[in-house]
Amino acid sequence: MIVTRFAPSPTGRLHVGNVRTALLNWLLARQAGGRFLLRLDDTDTARSTEEYAQSIREDLAWLGMDPDTEEKQSARMARYEEVLDQLAAAGHVYRAYETPEELELKRKVLLGRGLPPVYDRAALALTNEDHARFEAEGRKPHWRFRLDPALPREWTDLVRGPSHIDPASLSDPVIRRADGSWLYMLPSVIDDVDMRITHVVRGEDHVTNTGIQLQMFAAMGAPAPLFGHAALLTGAEGALSKRLGSIGVADFRARGIEPIAVKALLARLGTSLPVEPVTSDAPLLATFDIGNLGRAAARFDEAELERLNASILHQTAHAAIAGRTRLSEAEWNAVRGNIASVAEAEQWKAVITGPIEAPAQPEEDKAFLHEAAAVLESQPFGPTAWADLTEALKAKTGRKGKSLFMPLRLALTAQPHGPDMAALLPLIGREEALTRLKA
Ligand code: GLU
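Quick caveat, the model's predicted, so the values are computed rather than measured.

If you look at the biggest cluster of nonpolar residues, it comprises 47 residues, and the most contacted ones within it are Val16, Leu233, Phe252, Val262, Leu266 and Phe300. Going through the elements one at a time, helix 1 (16-31), strand 2 (35-40), helix 2 (50-62), helix 8 (249-254), helix 9 (259-268) and helix 11 (302-314) are the ones with two or more residues in this core. For this core, the leading source of residues is helix 1, giving nine residues. Leu327, Ala334, Ile339 and Met421 belong to the second largest nonpolar core, which has 33 residues in total.

Here it is in structure tokens:
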């Protein structure tokens, strides 16, 4: 069974890059009938808040990507302690006491000699007496994980293909600080083992972490999950954009973007499949293949999202938005081809129902509109009312094209553009149409 997780830190709101990571994990699990977990990486207690955790849950719910389970790292501290003890007993982790200043000095010396600034593992040489002395002095150790060329260092990335890290090029990572707080790296592995995660899908900024974490899985004696690293998103201009970090669900909602539009775009962005205006998850689930993700950065374009949203709405059935609109099915069908958001459809509802504030029209058009009212009064009013009206007016006045249609549209809707008048006029109704033409 496929088990995936989305593991945000509740230290801020989700941005579009996070939403994409969540979606990739959700698609992978849902298409296989597997499980999708929300794991809150809240070991940073100073910056993590319940408000942000709640906003993450709400964003996922709005997107229709509710997790099967929620886990919280802050509730698992005893377990992390237990694994640390086991790893210490097996020699995979060790205590060190260097201060940040001492470490910085070591770095500078190495860099000055043209060498990579890799930690020299001086702490591995400490004896039991050294540890006792430090402790007596009140110095608290931080913990490092000992990278080991003998442990696995290669993996076949679901996106990037054969990948590896060279443990000799990296410092043994600090996994726990002297104050007892945990860094992200080891708790994430312990969780992935305990929660039986089968696929870890995340941004390519985590590639080096994967090399390190692969060694941690092996040190725990646990099989590693499969890993996939998606190329990062860039802004419309192609460059890594600051703006992307501030675009999220709140912004989508404010702009009338539908959840399915966000999913339709993000599921296909950076893949070999085209972005299509789908109206449900089904076609996305049916076609999702993480192997289709390319290695090049994918371009997120807000204008593309808006266009996609509009073309999705043009095909959306009334039943799908029924709870969210005052429009009847006939009204929805009449206006959906002309809207960019459901809020815009509501504006057409107001136009249909009236009263409207039509702009003043030139004298010759006023006379024409009175003629139109007379024609409308003299004819039966049915589904073909618009064709009947314009045919009769054409014959009577010799007007055609814009000079025939525009004064009518303006008088009947107060707008120069909009949905097909043939669909709108029957919805406006005979009495209201007469009032508008006479006004
Ligand atoms: N909390 C980490 C992040 O948001 C999780 C990374 C991971 O998926 O392992 O970057």
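The next point concerns the site of the ligand. Lining the immediate environment of the ligand, one finds Arg5, Ala7, Ser9, Asp41, Tyr184, Ser188, Arg202 and His206. In this structure, a nitrogen atom belonging to the ligand sits 2.6 Å away from a side-chain N or O atom of Asp41. In this structure, the ligand is accommodated by the largest pocket. Each residue belonging to the shell around the ligand can be placed in one class, and the counts come to two nonpolar, three polar and three charged.

The calculated volume of the largest pocket comes to roughly 900 Å³. Lining the largest pocket are 40 residues, and of these His15, Asn18, Thr21, Asp205 and His206 sit closest to its centre. For the lining of the largest pocket, the secondary-structure elements that each account for two or more residues are strand 1 (3-6), helix 1 and strand 9 (199-203). Of the pockets and cavities examined, the second largest pocket occupies roughly 300 Å³. Lining the second largest pocket we find 17 residues, and of these Ala358, Arg436, Leu437, Lys438 and Ala439 sit closest to its centre. Of all the secondary structure elements, the ones that give two or more residues to the lining of the second largest pocket are helix 15 (363-378) and helix 19 (430-438). By residue number, the principal contributor to the lining of the second largest pocket is helix 19, which donates five residues. Taken together, the residues that form the lining of the second largest pocket break down as nine nonpolar, three polar and five charged.

On to the pairing of strand 3 (residues 69-72), then. Relative to strand 3, strand 2 is paired through four bridges, and the arrangement is parallel. Its bridge partner lying in strand 3, Leu37 is registered against Thr69. Each parallel crossover has a hand, and the one from strand 2 via helix 2 to strand 3 is right-handed.

About the thresholds
- Residues numbered from 1 in each chain as written.
- Predicted model: local features only at pLDDT ≥ 70, side-chain atom pairs only at ≥ 80, totals over all residues.
- Heavy atoms only, no water.
- Core = buried A, V, L, I, M, F, W, Y, C linked by side-chain atoms within 4.5 Å.
- Buried < 20%, exposed > 50% of the residue type's maximum accessible area, 1.4 Å probe, protein only.
- Helix = DSSP H or I, 4+ residues; strand = E, 2+ residues; numbered from the N terminus.
- Near = heavy atom within 4 Å.
- Polar contact = N/O pair within 3.5 Å; in protein donor to acceptor, adjacent residues only side chain to side chain.
- 1 Å grid on protein atoms, 1.4 Å probe; cavity = no way out; pocket = protein on both sides within 12 Å on 5 of 7 lines; lining within 4 Å.
- Sits in = over half its atoms within 2 Å of the grid points.
- Nonpolar A, V, L, I, M, F, W, Y, C, P; charged D, E, K, R; others polar.
- Points joined across faces, edges and corners; volume = space filled by probe spheres on them.
- Pairing = 2+ DSSP bridges.
- Right-handed = clockwise from strand over helix to strand, strands pointing away.

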